[in-house]
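Chain and residue survey
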Amino acid sequence: MRRKVRIEHARQLAVARQRLSGARPKRVTADDIHALVQAIGCLQLDPTAVVARSHLLVLFSRLGPFDPTLVDGLLWDQRRLYEYWAHQASIVPTEDRALHLALPPPWLDQRTTASWMTTRARFSELVLERLTANGSVRAADFEEHTEKYESGWGARSPITDTLALLWLQGRIVPAGRVGSGRRWALADSWFRLPLGQIPERPVALREAAVRSLRALGVATPLQVKRHFIRHRYQGLASVWKELEADGSVVPVELGLKGDWYIHADDLPLLDQIELGALEPRTSLLSPFDNLICDRERTVALWGFDFKLEIYVPKSKRWGYFVMPLLHGDRLIARLDLAVDRQARVLNVIGERWEPGWDGRRRPAAPTTRALRELASFLGVDVRR
């Protein structure tokens, strides 16, 4: 029997599980950042920094102002976080290393790997030999093998492909950055924690599905497949049946298309939400934020049709770096923002309010406060 859940309560559960409600820490520590990444699974990496790098904005939306060097410390010094492929290239907890290796991206099957290694990523032995000898390498250290070719990801070289292949195989890991480029190290010597036993695929698949559902709060199996370890849920259908049969996932009726579920461990939180326990916030979200990275789910739950304007042709897009405004459990506006670092100003280039949220209903004070908090975090003023 499906539990009936009102749509606003489903949204509130999703927001709560994404740590976008409730009190924020008074002073953000490295432990706070690490615990957050564990809870939501990953921080997507993107080079765009019109306002700030996306992973920093995702942290800010949840924790408030913090020292960005804490993230560098967790990555390069403490090594409690590392860069790997989640639903995109991401920052993930080091504790999840065995889980990620148990569920590698599907394009790393034996046939594909063999083809990749012989036709493009053909310098694995060379890279590994130099890593063993030198401790770390950069792509630029292989100048004799940097011939370029065009791909769907832009200009690449066999060395770029080799490093990517070894990274996805878990044999090497980013160990720092020099400008925009990565410095690489052998994974087994870089991590200070032992890898531990890599779980069997069904066990890993079950854990990944649970992690995905709990991070989402409420979701369909398809949405679970698109989240956390996107493209790596082959065989989920049978695992999902087991989860439903043993009561780990609970079907709910939202009045929406599809089969929706929550995790049994989140039922007490849902009970509290239905009693009005949610502590709402007003937050600006990165366009790559975990809450809205599944565009179809965002439309279904919030009625918010959101695109990455960055990738829309200039003649057809509204804005460029567009940050949605989350107010309580509703996505009520989108703001086109850019930082002028020379003038030290956060420019509000445009505001577009959702139907019913303009005019008198617009939450002016919370919106202004959200902009000022973001500007303060960035060390600039707001120009609106």
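About the thresholds
Residues numbered from 1 in each chain as written. Predicted model: local features only at pLDDT ≥ 70, side-chain atom pairs only at ≥ 80, totals over all residues. Heavy atoms only, no water. 1 Å grid on protein atoms, 1.4 Å probe; cavity = no way out; pocket = protein on both sides within 12 Å on 5 of 7 lines; lining within 4 Å. Points joined across faces, edges and corners; volume = space filled by probe spheres on them. Helix = DSSP H or I, 4+ residues; strand = E, 2+ residues; numbered from the N terminus. Nonpolar A, V, L, I, M, F, W, Y, C, P; charged D, E, K, R; others polar. Pairing = 2+ DSSP bridges. Contact = heavy atoms within 4.5 Å. Axes fitted to C-alpha atoms, helices over the stretch in contact; angles between N-to-C directions. Core = buried A, V, L, I, M, F, W, Y, C linked by side-chain atoms within 4.5 Å. Buried < 20%, exposed > 50% of the residue type's maximum accessible area, 1.4 Å probe, protein only. Salt bridge = Lys/Arg side-chain N within 4 Å of Asp/Glu carboxyl O. Phe/Tyr/Trp six-rings, centres within 6.5 Å; stacked < 30°, edge-to-face > 60°. Lys NZ or Arg CZ within 6 Å of the ring centre and 35° of its normal.

**A few points about empty space enclosed by the protein**
- Under the defined criterion, the tally for this structure stands at 2 cavities of 30 Å³ or more.
- Lining of the largest cavity is provided by Tyr82, Tyr84, Arg97, Leu101, Trp167, Gly170, Ile172, Val173, Ala187 and Phe191.
- Those elements giving two or more residues to the lining of the largest cavity turn out to be strand E3 (81–85), helix H5 (97–102) and strand E8 (172–178).
- Looking at side-chain class alone, the lining of the largest cavity contains 8 nonpolar, 1 polar and 1 charged residues.
- Put simply, the second largest cavity is a space of about 50 Å³.
- Along its surface, the second largest cavity is lined by Arg24, Phe60, Ser61, Thr282, Ser283, Leu284, Ala370 and Glu373.
- With 3 residues, strand E12 (residues 282–284) is the single largest residue contributor to the lining of the second largest cavity.

**What to know about the sheet that holds strand E4 (residues 89–93)**
- Within the open sheet, the 3 strands sit side by side as E2-E4-E3. Their pairing is antiparallel. Only two strands of the sheet have a single partner each, and these edge strands are strand E2 (43–44) and E3.
- Pairing between E3 and E4: 5 bridges, direction antiparallel. Residue pairing in the sheet places Leu81 in a bridge with Pro93 of E4.
- Seen against the sheet, helix H2 (residues 30–40) touches E2, E3 and E4 and runs at an angle of roughly 115° to E4.
- On the sheet, helix H8 (residues 158–168) packs against E3 and E4 and is oriented at approximately 110° with respect to E3.

**Remarks on the nonpolar core**
- Within the largest apolar cluster, 76 residues are counted, with the highest numbers of intra-cluster contacts made by Leu337 and Leu374.
- Tallying contributions element by element places H8 first for this core, with 7 residues.
- Not counting residues up to four positions away in its chain, the partners in contact with Leu337 are Val50, Val51, Leu284, Phe321, Met323, Leu346, Asn347, Val348, Ile349, Leu371 and Leu374.
- Grouped together as the second largest cluster of nonpolar side chains are 26 residues, Ala16, Val250, Leu278 and Trp302 included.

**Here's the deal with the pattern of salt bridges**
- For the structure shown, the criterion picks out 24 salt bridges.
- As a salt-bridge pair, Arg211 and Asp96 come within 2.7 Å of each other at their nearest N and O atoms. With a gap of 115 residues between them, Arg211 in helix H10 (residues 201–216) and Asp96 in the loop between E4 and H5 connect regions that are remote in the sequence. Across this residue pair, the class does not change: Arg211 and Asp96 are buried.
- Ionic pairing is found between Arg362 and Glu351, a salt bridge with its closest N-O pair at 3.8 Å. With a gap of 11 residues between them, Arg362 in the loop between strand E15 (345–353) and helix H15 (364–378) and Glu351 in strand E15 connect regions that are remote in the sequence.
- In the salt-bridge network here, residues are joined through shared partners; they are Glu351, Asp358, Arg362 and Arg384.

**So, the sheet that holds E12**
- Spatial strand order, E12-E13-E14-E15-E16: 5 strands in an open sheet with mixed pairing. The open sheet terminates on both sides in strands that have one partner only, identified here as E12 and strand E16 (381–383). Put simply, the sheet's adjacent strands are angled 30° from each other on average, direction ignored.
- Of the strand pairs in this sheet, strand E14 (residues 330–340) and E15 are connected by 8 bridges, and their pairing is antiparallel.

**A short note on the packing of aromatic side chains**
- What the rule picks out here adds up to 8 aromatic pairs.
- For the ring pair Phe304 and Phe306, a centre distance of 5.9 Å and an interplane angle of 20° mean the geometry is stacked. In this pair, the class of Phe304 matches that of Phe306, namely buried.
- The positively charged end of Arg334 is found above the aromatic ring belonging to Phe304, 4.2 Å away from the centroid.
- The positively charged end of Arg352 is found above the aromatic ring belonging to Trp318, 5.9 Å away from the centroid.

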